[in-house]
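Observations on the model geometry
The residues making up each chain are set out below.
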Amino acid sequence: MTKTNKQQIRMMMHCLMTAERTVKEADTEINTAELTIKAKEMVVKEAERTVKADTKVNTVELTIKATEMVVKEAEDSQQARKETEGSNNADWKTEADIKTAVDMYRHQLLHDAEMEQDLVIKLDMGQSPEDRERVILQFYKQPNVNWARPVRVVLIGDAAVGDGVKRFFFTQTMAKLQCGFELSIDGPGKTIFFTGESDHQVPSTSRALIDSGLFMVVGKMVGHSILHGGPGLCGVSRSLLHPLIGQEGEEYLSINDCPDMDVREIIEEMILERIIWPAASDSESDEEFDIGSKCSITGYLREYIQEATSNELCNLLKFWVGWAVLPQSLYVKVKSVSLPTAVTCFETLHLPGHYTSFDKFKRDLQASMILERIIWPAASDSESDEEFDIGSKCSITGYLREYIQEATSNELCNLLKFWVGWAVLPQSLYVKVKSVSLPTAVTCFETLHLPGHYTSFDKFKRDLQASVSTTDSGFGLV
């Protein structure tokens with residue numbers, strides 16, 4: 001073997017050894033890389049576990065904090081609710097305005113029952129009206145019910161939902177009370193709970209309705225509707241409403257409250273029969289009037305009674321004897337007076353003897369009925385504005401007196417409706433002189449507020465007639 005060959009072999013061996021070392025080093029680097037990767041993976045996993053643990057801790061902490069906040073808010077809300085309820089309980093009892101007090105008490109009852117179970121009534125619209133009315137009556141016959149609970153009305157066969165359905169239910173129920181139920185309870189035909197003319201309806205005297213306890217059901221219907229903001233029962237006689245709220249209602253009693261027309265005619269005949277007419281030798285009538293004049297004046301009175309409406313007869317009796325109840329006797333005297341006057345303690349009516357026409361007699365008689373009830377403002381009247389002195393008050397009230405004396409029957413009737421809400425005279429009529437632009441009326445207190453700026457009767461009359469014309473739309477307050 002030559003020297004050259006040996007050198008080549010050595011070089012090959014050296015290359016192989018170098019290659020082996022390179023391979024080993026490469027394997028070592030690979031292993032190291034794998035270990036590094038595994039280590040990184042372990043670090044990442046550990047980091048993920050740490051993050052998850054931290055997140056759980058943070059979530060728990062947040063949950064605890066949120067729970068504490070909710071509990072605190074609930075406690076604050078409960079405390080505020082107790083304070084509000086305590087305040088409401090006191091407020092409605094001390095509220096001077098009756099309407100506001102009733103509204104406050106109504107809201108309190110609804111608030112106290114808002115978490116209770118709903119009162120549900122289901123009406124099948126596919127049934128007959130009589131069947132639906134049976135369901136309504138049965139619903140209100142339930143004993144021991146808190147009627148302030150939330151109400152839910154379900155109309156089977158109708159897709160309507162919401163508060164509109166509830167309003168529909170209460171409106172229909174009140175309409176049935178006013179106009180009658182189709183359901184026949186007391187003989188054939190409709191079942192009528194209230195009879196009489198509008199604004200003078202009184203409960204039916206049917207023995208079947210009374211014995212069956214249905215008027216208790218009627219009371220629940222009315223109260224339930226009002227409690228939930230629905231309509232009330234309109235058209236009921238005022239003489240009936242006042243005893244229901246613990247007040248005297250006798251002064252509001254009217255002949256119109258009698259639904260039987262035959263009975264009304266008997267009452268008119270009874271008035272004529274009770275009158276003691278002046279005789280030719282009547283010493284209490286003025287001697288200047290002969291029998292012809294007396295007959296003429298008393299004839300006007302007889303004609304007035306026969307033509308008068310129920311309201312007018314009621315007002316005449318109140319003027320004559322002080323209230324709308326017939327005494328044993330009614331006395332008439334013909335006297336030298338300017339306007340008809342009454343001495344109520346002796347049930348005596350003094351009639352002027354100067355009339356030559358029935359229209360003038362009628363107008364003066366009706367004017368006297370109103371003037372006799374008016375409580376005029378005094379010089380020290382605290383309710384009239386202080387800026388108006390006694391001279392201004394006398395001037396304005398003089399215009400009112402002149403208006404009443406000149407007014408026709410229709411104008412006086414409309415004035416009464418504007419003043420007190422209807423055409424029946426109350427026990428007293430009040431007048432105040434105020435700083436207002438037009439005449440206004442506070443009907444619940446029978447008070448007429450007159451502006452104090454007038455300097456002529458024509459302007460006063462024009463404004464008063466304009467205000468009176470608003471009676472049907474806003475009781476003079478629009």
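Read on for an overview of the structure. (Residues numbered from 1 in each chain as written. Predicted model: local features only at pLDDT ≥ 70, side-chain atom pairs only at ≥ 80, totals over all residues. Heavy atoms only, no water.)

1. Remarks on the environment of V468
- Positionally, V468 belongs in helix α14 (residues 457-468).
- The contacts of V468, once residues within four sequence positions are left out, are N414, L415 and F418. (Helix = DSSP H or I, 4+ residues; strand = E, 2+ residues; numbered from the N terminus. Contact = heavy atoms within 4.5 Å.)

2. A short note on the side chain of R132
- Among the secondary structure elements, R132 is positioned in helix α3 (residues 129-140).
- For the buried R132, no salt bridge is present, and the opposite-charge side chain at shortest range is D124, 7.0 Å distant.
- When sequence neighbours within four positions are dropped, the list of residues in contact with R132 reads L123, D124, M125 and Q127. (Buried < 20%, exposed > 50% of the residue type's maximum accessible area, 1.4 Å probe, protein only. Lys, Arg positive; Asp, Glu negative; His and termini not counted. Salt bridge = Lys/Arg side-chain N within 4 Å of Asp/Glu carboxyl O.)

3. A word on the pairing of strand β10 (residues 429-434)
- Extensive coverage of β10 is indicated by the burial of five of its six residues.
- Here strand β9 (residues 374-375) pairs with β10 via two bridges, running parallel. Considered in β10, the bridge of I374 is made with L429.
- By the bridge criterion, five bridges tie β10 to strand β12 (residues 447-451) in an arrangement that is parallel. Each residue of the ladder has a partner; that of K434, found in β12, is P451. (Pairing = 2+ DSSP bridges.)

4. Quick look at a negative patch on the surface
- A cluster of acidic side chains, namely D260, D262, E265, E269 and E273, defines a negative patch on the protein surface.
- Position of D262 relative to the elements: it lies in helix α8 (residues 261-274). (Patch = residues over 30% accessible without salt bridge, like charges linked within 9 Å, V, L, I, M, F, W, Y side chains within 5 Å. Areas by Shrake-Rupley, 256 points an atom, 1.4 Å probe, with all protein chains shown as cover. Charge placed at Lys NZ, Arg CZ, Asp CG, Glu CD.)

5. Concerning helix α10 (residues 310-321)
- Look at α10: 16 Å from first C-alpha to last across twelve residues, which is about the 16 Å you get at 1.5 Å a residue.
- For α10, a buried count of twelve out of twelve residues is recorded, marking the element as mostly surrounded by other parts of the structure.
- Buried within α10 we find S310, N311, E312, L313, C314, N315, L316, L317, K318, F319, W320 and V321.
- Two residues or fewer after α10 comes G322, characterised by a positive phi angle close to 105 degrees. (Expected span 1.5 Å × (residues − 1).)

6. Brief notes about the sheet that holds strand β5 (residues 275-276)
- Taken in spatial order, the four strands of this open sheet run β5-β6-β8-β7, and their pairing is mixed. Bordering the open sheet on either side are β5 and β7 (341-343), each of which pairs with just one other strand.
- Of the pairings in the sheet, the one linking strand β6 (residues 330-335) to strand β8 (residues 348-352) comprises five bridges and is parallel in character. Residue pairing in the sheet places K335 in a bridge with P352 of β8.

7. Concerning the pattern of salt bridges
- All chains considered together, the criterion is met by nine salt bridges.
- Between E133 and K176 there is a salt bridge; the shortest N-O distance is 2.9 Å. With E133 in helix α3 and K176 in helix α4 (residues 163-179), the pair connects residues that are 43 residues apart, well separated along the chain.

8. Observations concerning the sheet that holds β10
- The mixed open sheet is built from four strands, whose spatial order is β9-β10-β12-β11. The strands lining the two open edges of the sheet, one partner per strand, are β9 and β11 (440-442).

9. Here we look at helix α13 (residues 409-420)
- Between the first and last C-alpha of α13 there are 17 Å, a value that for twelve residues agrees with the 16 Å anticipated at 1.5 Å per step.
- G421 sits one or two residues past α13 and shows a positive phi near 105 degrees.

10. A closer look at the nonpolar core
- Counting 59 residues, the largest nonpolar core has F361, W419 and F460 as the members making the most contacts within it.
- Leave out the neighbours within four places in its chain, and W419 touches I370, I374, L400, L429, Y430, V431, A441, V442, T443, E446, T447 and L448.
- In terms of nonpolar packing, the next biggest core, distinct from the first, is built from 32 residues, L119, F170, V218 and M221 among them. (Core = buried A, V, L, I, M, F, W, Y, C linked by side-chain atoms within 4.5 Å.)

11. What to know about the environment of Q172
- Turning to its location among the elements, Q172 is positioned in helix α4.
- With relative accessibility at 36%, the residue Q172 sits in the partly exposed group.

12. A closer look at the packing of α3 against helix α6 (residues 214-227)
- Where α3 contacts α6, the two axes come as close as 9 Å, and the packing angle between them is 90 degrees. Relative to α6, the element α3 lies roughly perpendicular. Where α3 abuts α6, its residues I136, L137, F139 and Y140 lie against L214, V217, K220, M221 and H224.
- Taken together, the residues of the contact of α3 with α6 break down into seven nonpolar, one polar and one charged. (Axes fitted to C-alpha atoms, helices over the stretch in contact; angles between N-to-C directions. Parallel < 35°, antiparallel > 145°, perpendicular 65-115°, else oblique. Nonpolar A, V, L, I, M, F, W, Y, C, P; charged D, E, K, R; others polar.)

13. Some remarks on the packing of helix α9 (residues 291-307) against helix α11 (residues 358-373)
- Put simply, α9 and α11 touch, their axes get as near as 10 Å, and they point 70 degrees apart. Relative to α11, the element α9 is oriented roughly perpendicular. On the side of α9, the interface is formed by I297, Y300, L301, E303, Y304 and E307, while α11 contributes F358, F361, K362, L365, Q366 and M369.
- Here the contact of α9 with α11 is built from residues that sort into eight nonpolar, one polar and three charged.

14. What about unusual backbone geometry?
- Positioned with a positive phi, E347 is a non-glycine residue whose angle comes to about 50 degrees.
- Following the sequence through the fold, E347 ends up in the loop between β7 and β8.
- Residue classification places E347 among the partly exposed positions, given a relative accessible area of 24%.
- We note that E446 has phi near 50 degrees; this positive angle belongs to a residue other than glycine.
- Tracing the chain through its elements places E446 in the loop between β11 and β12.

Honestly, that's just the spatial picture; any functional story needs more than this.
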